Amino acid sequence: MIDVAGAVDIADVTTGSPDAGVAAHYGDPMREQRRLATEVGLVDRSNRGVLAVPGAERIGWLHTLTTQHLATLRAGQGTELLVLSPHGHVEQHAMVAEDGTSTWLDTEPQMAGELLAYLLKMRFFTQVDPAEVTADWAVLSLVGPAAVDAAAALGVTGLADPDLLPVPASKFAAGSIPDRPTVLYPVAALPTDGPYRGGWARRVPLGVDLLVPRAATAQLVAEATAAGATPAGLWAYEAMRVASRTPRVGLETDHRAIPAEVGLLGPAVHLDKGCYRGQETVARVHNLGRPPRRLVLLHLDGVASDTPPDAGTPLTLEGRTVGFVGTALRHHELGMVALAVVKRNVPDDADLRAGEFTAAIEP
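Just so it is clear, the structure is predicted and the values come from calculations on it, not from any experiment. (Residues numbered from 1 in each chain as written. Predicted model: local features only at pLDDT ≥ 70, side-chain atom pairs only at ≥ 80, totals over all residues. Heavy atoms only, no water.)

Draft legend 1. Broad picture of the overall build of the protein. The secondary structure content of the protein amounts to 9 helices and 20 strands. Principal axes of the C-alpha set define a box for the protein whose edges measure 60 × 55 × 30 Å. Looking at the protein as a whole, 54% of its 363 residues are labelled buried. By sequence separation, contacts in the protein at least 24 residues apart represent 68% of the contacts at least 6 residues apart. (Helix = DSSP H or I, 4+ residues; strand = E, 2+ residues; numbered from the N terminus. Buried < 20%, exposed > 50% of the residue type's maximum accessible area, 1.4 Å probe, protein only. Contact = heavy atoms within 4.5 Å.)

Draft legend 2. How the structure looks around the side chain of Glu98. By secondary structure assignment, the location of Glu98 is in strand β6 (residues 90-98). Exposure remark for Glu98: the relative accessible area of 3% places this residue in the buried category. Non-local contacts of Glu98, meaning those with residues more than four positions away in its chain, are made with Arg58, Ile59, Leu73, Arg74, Ala75, Gly76, Gln77, Thr103 and Val187.

Draft legend 3. Examining helix α7 (residues 234-243) more closely. Among the 10 residues of α7, 8 are classified as buried, and the element is accordingly described as predominantly covered. Among the residues making up α7, those that are buried are Leu234, Ala236, Tyr237, Glu238, Ala239, Met240, Arg241 and Val242. Looking one or two places after α7, you find Arg245, whose phi comes out positive at around 60°.

Draft legend 4. Looking closely at the nonpolar core. With 35 residues, the main nonpolar core has Leu36, Val43, Leu82, Val269 and Val282 as its most contacted residues. Counting only elements with at least two residues in this core, the list comes to β5 (77-84), α7, α8 (265-268), β15 (293-301), β17 (320-331) and β18 (335-343). With 6 residues, the single largest contributor to this core is α7. Residue contacts for Val282: discarding those within four places in its chain leaves Leu84, Pro259, Leu265, Val269, Leu271 and Tyr276. Counting 22 residues, the second-largest nonpolar core is a separate cluster that includes Leu142, Tyr196, Ala201 and Ala216. (Core = buried A, V, L, I, M, F, W, Y, C linked by side-chain atoms within 4.5 Å.)

Draft legend 5. Representation of the environment of Leu315 in the model. For Leu315, the position within the fold is in strand β16 (residues 314-317). Spatially, the C-alpha atoms of Leu315 and Ala340 are 8.4 Å apart, while their sequence positions differ by 25 residues.

Draft legend 6. Region of interest: helix α4 (residues 112-121). Of the residues making up α4, those classed as buried are Ala112, Leu115, Leu116, Tyr118 and Leu119. On an axial view of α4, the arc spanned by its buried residues comes to 160°, and they lie on one face. The exposed residues of α4 that point more than 90 degrees off its buried face are Glu114 and Lys121. Along its buried surface, α4 packs onto β4 (49-54), α3 (58-65), β5, β6, β7 (102-107) and β8 (131-132). (Arc of directions from axis to C-beta.)

Draft legend 7. Highlighting the pattern of salt bridges. Going through the model one piece at a time under the given rule, you end up with 19 salt bridges. Its salt-bridge partner being Arg248, residue Asp19 comes within 3.0 Å of it at the nearest N-O pair. Taken together, the positions of Asp19 in the loop between α1 (10-13) and β2 (23-25) and Arg248 in the loop between α7 and α8 put the pair 229 residues apart, joining distant regions of the chain. The two residues Asp19 and Arg248 agree in class, both being buried. Salt bridges here are not isolated pairs; linked through shared partners, they connect Asp19, Arg45, Arg48, Asp106, Glu108, Arg202, Asp209, Glu238, Arg241, Arg248 and Glu252. (Salt bridge = Lys/Arg side-chain N within 4 Å of Asp/Glu carboxyl O.)

Draft legend 8. Just the pairing of β15, in detail. Examined bridge by bridge, β15 and β18 share 7 bridges and lie antiparallel to one another. Note that in β18 the partner of Leu295 across the bridge is Val341. In this structure, β15 lies alongside strand β20 (residues 357-362), joined through 5 bridges in antiparallel fashion. Looking across to β20, one finds that Leu300 is bridged to Ala359. (Pairing = 2+ DSSP bridges.)

Draft legend 9. Inspection of the pairing of β5 at higher detail. Among the 8 residues in β5, 8 count as buried, and that is most of the element. Of the two faces of β5, both are covered, the one formed by Gln77, Thr79, Leu81 and Val83 as well as the one formed by Gly78, Glu80, Leu82 and Leu84. Inspection of the sheet shows β5 paired to strand β11 (residues 183-189) by 2 bridges, in the antiparallel sense. Across the sheet, Gly78 pairs through a bridge with Tyr185, a residue of β11.

Draft legend 10. Up close: the environment of Met95. With respect to the element layout, Met95 can be found in strand β6. When its relative accessible area of 11% is taken as the criterion, Met95 is described as buried. Taking the C-alpha atoms as reference points, Met95 and Gly55, 40 residues apart in sequence, are found 19 Å from one another. Not counting residues up to four positions away in its chain, the partners in contact with Met95 are Arg48, Thr79, Glu80, Trp104, Leu105, Asp106, Tyr185, Arg202 and Val204.

Here it is, written out as structure tokens:
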């Protein structure tokens, strides 16, 4: 989609962005945000890494390696999962879609290779054949209240709302959590009689993710635009994500991040399943109910600057570092905002600073 008229590559406007190669905007970032907030737009997320995992034993195998309960995952369902370090720190986050033949994993840009290397290392004699297919398949997203209608115009039906289980209280009884993924995203095949054969649509909180052959992206853009989903840049998508307090691994996480700190416990971690790497830390922190840090939404005010602080900028309170900024941007309604990770004991009314900006936590 970077070839769409008016596209501005993120690499041309943001130094060091992990999202280089896709459009930041198409000429009017604020208008694109409003479109995603009130109607529907099509966002190029084709820089995401894509893995395909075929094989008769794929479901049980992925169940044992990751934080999610996948043993009951069936065709037409999607979810989220994490790969943790032995100490419970977040290493990988992936969105999942199961089509009955393969389990598809899409992950953050430039992280698919690391995830594949881990999976191959853990394959042993299991009947699975994971492979990176990013060169052949692209993720695009219909975002906004009318996303399901736009997907229907492309021939996709049956996309109910996501089904998210509540996170249990810190003291919970074994067996109290159903034996299923903690979030279920409906997945439907794209039309099989045309260029999208093998692709799928997945209903997610912000809209509908589409996996399409890269050779067919231009046609999908044309059809989606005809259905009213005109292109919107990744800046607009990120504004919707930040407003919903949805973290991204690599931006709202550091090498010490654990799932309970950054809002990934609910959608990506099953708290009553068999052992997986890092489970001890997850269980201990959840049962104690005191993760060391928390994810917050910040309102930023910098009199002399319209440029948001970079990801990783330290957050300070009375000269002491108490956290760091993740994604910071200008929202069409909220103004300059950011997702940030702060120490648990930082009060909501603290007077924080992020570089030259003052920062206030939204409770």
